[in-house]
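Residue strings, one per chain:
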Amino acid sequence: MVAEPVREMTTIVTEFVTGAPAGLSDRQVLHEAMVRVARYVVERRDLLIALRTVAQQSSHLKASQVAVRTDVEPDVAALLDARHPDGEPGQWRAPAAGRLHHRGVPGVV
């Protein structure tokens, strides 16, 4: 139950990036995906606050970090690259810090 919102937010991002109109720039795609995640959070604010309280009070959940998805950024980077089949592969990367970066454009995201 605690990790379900994280899975749902991940799905919001990956589904939008995958199905985004070709005319949108990657920046626009990421922006819209984050707007959709923000909308999800606002609509479920009370539930997410309650789940955060539970997670903070549970030593098991703190230790397992069940709601942390550090594996998602490389997937999103690959989805963004896939939007440009004729472009140079690997333009997007997700370093260990967990933030997406566009090669050659520091601070793009």
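Residues numbered from 1 in each chain as written. Predicted model: local features only at pLDDT ≥ 70, side-chain atom pairs only at ≥ 80, totals over all residues. Heavy atoms only, no water.

**What to know about the overall build of the chain**
Basically, it comes down to this: Strands here are runs of E lasting at least two residues and helices are runs of H or I lasting at least four, both read from the DSSP assignment and numbered beginning at the N terminus. The buried label goes to any residue with under 20% of its type's maximum accessible area, the exposed label to any with over 50%, and the partly exposed label to all in between, with areas taken from a 1.4 Å probe on protein chains only.
If you tally the helices and strands in the chain, you get 5 helices and 2 strands. For the chain, the N- to C-terminal ordering of α and β elements is α-α-α-α-α-β-β. Considering the chain as a whole, with its 109 residues, one finds that 28% of them fall into the buried category.

**Let's talk about the side chain of Arg83**
We apply this condition: The term polar contact refers here to a pair of N or O atoms within 3.5 Å; inside protein, the definition further demands a hydrogen-donor-capable atom paired with an acceptor-capable atom, and it admits residues adjacent in sequence only when both atoms are side-chain atoms. What makes two residues a contact is simply this: any of their non-hydrogen atoms within 4.5 Å.
Inspection of the secondary structure assignment puts Arg83 in the loop between helix 5 (72-82) and strand 1 (92-93). For Arg83, a relative accessible area of 18% puts it in the buried group. At a separation of 2.9 Å, a polar atom in the side chain of Arg83 contacts the main-chain carbonyl oxygen of Leu24. Setting aside residues up to four positions removed in sequence, Arg83 forms contacts with Val17, Ala20, Pro21, Ala22, Leu24, Ser25, Asp26 and Val29.

**Focus on the pattern of salt bridges**
For clarity, the threshold we go by: By salt bridge we mean one thing: a side-chain nitrogen of Lys or Arg within 4 Å of a carboxyl oxygen of Asp or Glu.
For the structure on display, the rule yields 4 salt bridges. In this structure, the salt-bridge partner of Arg7 is Glu4, at a minimum N-O distance of 3.0 Å. In this pair, Arg7 and Glu4 both sit in helix 1 (residues 4-19), 3 residues apart, roughly one turn of the helix. Across the pair Arg36 and Glu32 runs a salt bridge whose closest N-O atoms are separated by 2.9 Å. Placement of both Arg36 and Glu32 in helix 2 (residues 26-43) is noted, with a separation of 4 residues, approximately one turn of the helix.

**A closer look at helix 1**
The condition is simple: In a helix, the anticipated span is given by 1.5 Å times the number of residues less one. Working definition: the arc comes from the directions between the helix axis and the C-beta atoms, pointing outward to the latter.
The terminal C-alpha atoms of helix 1 lie 22 Å apart, and with 16 residues this matches the ideal 22 Å at 1.5 Å per residue to within 8%. All buried positions along helix 1 are accounted for by Pro5, Val6, Met9, Thr10, Val13, Phe16 and Val17. Down the axis of helix 1, the buried set is contained in an arc of 140 degrees. They therefore lie on one face. Looking at helix 1, the residues exposed on the side facing more than 90 degrees away from the buried face are Glu15, Thr18 and Gly19. In this structure, the buried residues of helix 1 make contact with helix 2, helix 3 (45-57) and helix 5.

**Considerations on the confidence of the model for the chain**
What counts, and what does not: The pLDDT score gives, residue by residue, the confidence of the prediction method on a 0 to 100 scale.
Counting all residues, the mean pLDDT for the chain is 79, and 72% of those residues have values of 70 or more. The spread of mean pLDDT over the elements of the chain runs between helix 4 (residues 59-64), the lowest at 61, and helix 2, the highest at 93.

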